[in-house]
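Structure at a glance
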Amino acid sequence: MAGIIGKKIGMTSVFSVEGKNIPCTVIEAGPCVVTQVKTKETDGYDALQLGYGEKKEKNTSKAEYGHLKKAGTTPKRHLVEFRNNFEGEYKPGDTINVDIFHENDYVDVIGVTKGKGFQGVVKRYNFRGVGDSTHGQHNRERAPGSLGASSYPSRVFKGMRMAGRHGGKAETIENLLVIKIIPESNLIVVKGSVPGAKGSNLIIRKQWK
Amino acid sequence: MDLIKTVENAFAVETELPAFGAGDTVTVHYKIREGNKERIQNYRGVVIQVRGTGKTKTFTVRKMSGNIGVERIFPLHTPFIDRIDVNKHGRVRRKRIFYLRNLTGKKARIKEKRF
């Protein structure tokens, strides 16, 4: 899917024509440089590799530097591959801007959620805890409850949802409405929220489904 | 932050709103749509807080409806606000005058600002 790399700027809200207050996220995306064009003949599938954000040459491995030099660009902080479906022909060194999207399109946004550390099951999996806070209960309010049956199977099944590290993993939010594109400042405004903190990296791609 | 402003300005509709703050008595002329008809309802009360920045700014107006205190939160830039009249400038010391909620009758008065 055609896509672009960007970062989250923050949230605000705008009023629609009917006067509805719409929550929206501002994303700064691109301009991205095409760093590699993969084709069915050479790589087995069609894709574009895009680069976004500058980084210093001394922080770049020689292999990566050579790879980017071939495309005629400077070292890039993020390299992401997008399969197929870009409109038009691209060659290495071309730039891709937010104008690949249009207003009223739907996009998917991929980002890394805010890390929450070690959390219990109530926060992590929306369990409801056990029982009441009163009536003699004293320590079960946020407990997971039973983990399974007893003598058969005599064990806890793998994948049982328990407390643990929460957040800080890649999450895709599908079908976000593009409210506005501002090409002069490389901005996309989508309806609703996207994963991650302000300034965190995002991949915005055309609707998958 | 500046980029958010860029976005907000891209959506901005020019409206002229008077300057007011906590303690001021205002009348909000609010458009109400009933079916296809639109009419304007006036809501008059004391501003007890103004919060938020940019286009997401809101303000809370408290009034006594009979014996019952009513508070209503308006987004400052909503297109449903026809206009806002500032009736009185009140002299208060704080930005958020929530203490007003606990006061009734003569105690709930706010001194008018003298210029």
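No experiment lies behind these values; they were computed from the predicted model shown. Going along each chain's sequence as written, the residues are numbered from 1 onward. Chains carry letters and ligands carry numbers; both start at the beginning, A for chains and 1 for ligands, and go up in the order they are written. The predicted nature of this model means local features are confined to residues of pLDDT at least 70 and side-chain atom pairs, given and counted, to a pLDDT of 80 or more, with totals for whole chains, interfaces and linings taken over all residues. Derived side-chain values reflect all non-hydrogen atoms in the structure, with water molecules and hydrogen atoms excluded from consideration.

Opposite the 15 residues of chain B that make contact, chain A presents 18 residues. Put simply, buried area is the surface a 1.4 Å probe can reach on two separate parts but cannot reach once they are joined, added for both. Between chain B and chain A, roughly 1,300 Å² of surface is buried when both sides are summed, and carbon and sulfur atoms account for 80% of that area. For this document, the term salt bridge refers to a Lys or Arg side-chain nitrogen within 4 Å of an Asp or Glu carboxyl oxygen. If you look at where chain B meets chain A, you find zero salt bridges. Throughout this description, a polar contact denotes any pair of N or O atoms lying within 3.5 Å of each other; where both atoms belong to protein, one of them has to be capable of donating a hydrogen while the other can accept it, and for residues adjacent in sequence the pair is counted only when both atoms sit in side chains. Linking chain B to chain A there are one residue pair in polar contact (both at pLDDT 80 or more). The numbering of helices and of strands both runs from the N terminus, where a helix is a DSSP run of H or I of at least 4 residues and a strand a run of E of at least 2. The element contributing the most residues to the side of chain B that touches chain A is helix α1 (residues 2-11) of chain B, with seven residues. Residues are grouped as follows: Ala, Val, Leu, Ile, Met, Phe, Trp, Tyr, Cys and Pro are nonpolar; Asp, Glu, Lys and Arg are charged; all remaining types, including Gly, are polar. Here the residues of the side of chain B that touches chain A sort into eight nonpolar, four polar and three charged. In what follows, a contact means two residues having at least one pair of non-hydrogen atoms within 4.5 Å.

Once that is clear, we can look at a nonpolar patch on the surface. All names here are of chain A. To count toward a patch, a residue needs a relative accessible area over 30% and no salt bridge; like charges are then connected within 9 Å, while nonpolar side chains (Val, Leu, Ile, Met, Phe, Trp, Tyr) are connected within 5 Å. Each accessible area is a Shrake-Rupley result for a 1.4 Å probe, and residues are judged covered by the shown protein chains and nothing else. A cluster of nonpolar side chains, contributed by Leu147, Val156, Phe157, Met160 and Met162, occupies part of the molecular surface with about 390 Å² of accessible area. Structurally, Met160 can be placed in the loop between α3 (121-125) and β9 (164-166). For every residue, the accessible area obtained with a 1.4 Å probe (protein chains only) is divided by the maximum for its type, and the residue is called buried under 20%, exposed over 50%, and partly exposed between those limits. When its relative accessible area of 32% is taken as the criterion, Met160 is described as partly exposed.

A few words on the sheet that holds strand β3 (residues 32-38) of chain A. Residues and elements named next belong to chain A. Spatially, four strands are ordered β5-β4-β3-β6 in an open sheet, and the strand pairing comes out antiparallel. The strands lining the two open edges of the sheet, one partner per strand, are β5 (76-83) and β6 (95-96). By the bridge criterion, seven bridges tie strand β4 (residues 47-54) to β5 in an arrangement that is antiparallel. Within β5, the residue paired with Leu48 across the bridge is Phe82. Angles run from 0 to 180 degrees between N-to-C directions of axes, and those axes are lines fitted to C-alpha atoms, restricted for helices to the stretch in contact. Sitting on the sheet, helix α2 (residues 62-70) is in contact with β3, β4 and β5, with an inclination near 65° to β5. Here, strands pair whenever DSSP counts at least two bridges between them.

Here, nonpolar core means buried Ala, Val, Leu, Ile, Met, Phe, Trp, Tyr and Cys residues that are tied together by side-chain atoms lying within 4.5 Å of each other. Counting 27 residues, the largest nonpolar core has Ile4, Ile27, Leu50, Ile188 and Ile204 of chain A as its most contacted members. Of all hydrophobic cores here, the second largest spans 14 residues; its members include Val28, Tyr30, Ile32 and Tyr43 of chain B.

To continue, consider the domain arrangement of chain A. The domain boundaries here were taken from an automatic or database domain assignment. Here chain A is partitioned into domain 1 (3-116 + 170-206) and domain 2 (118-166). Centre-to-centre separation of domain 1 of chain A and domain 2 of chain A, based on C-alpha positions: 39 Å.

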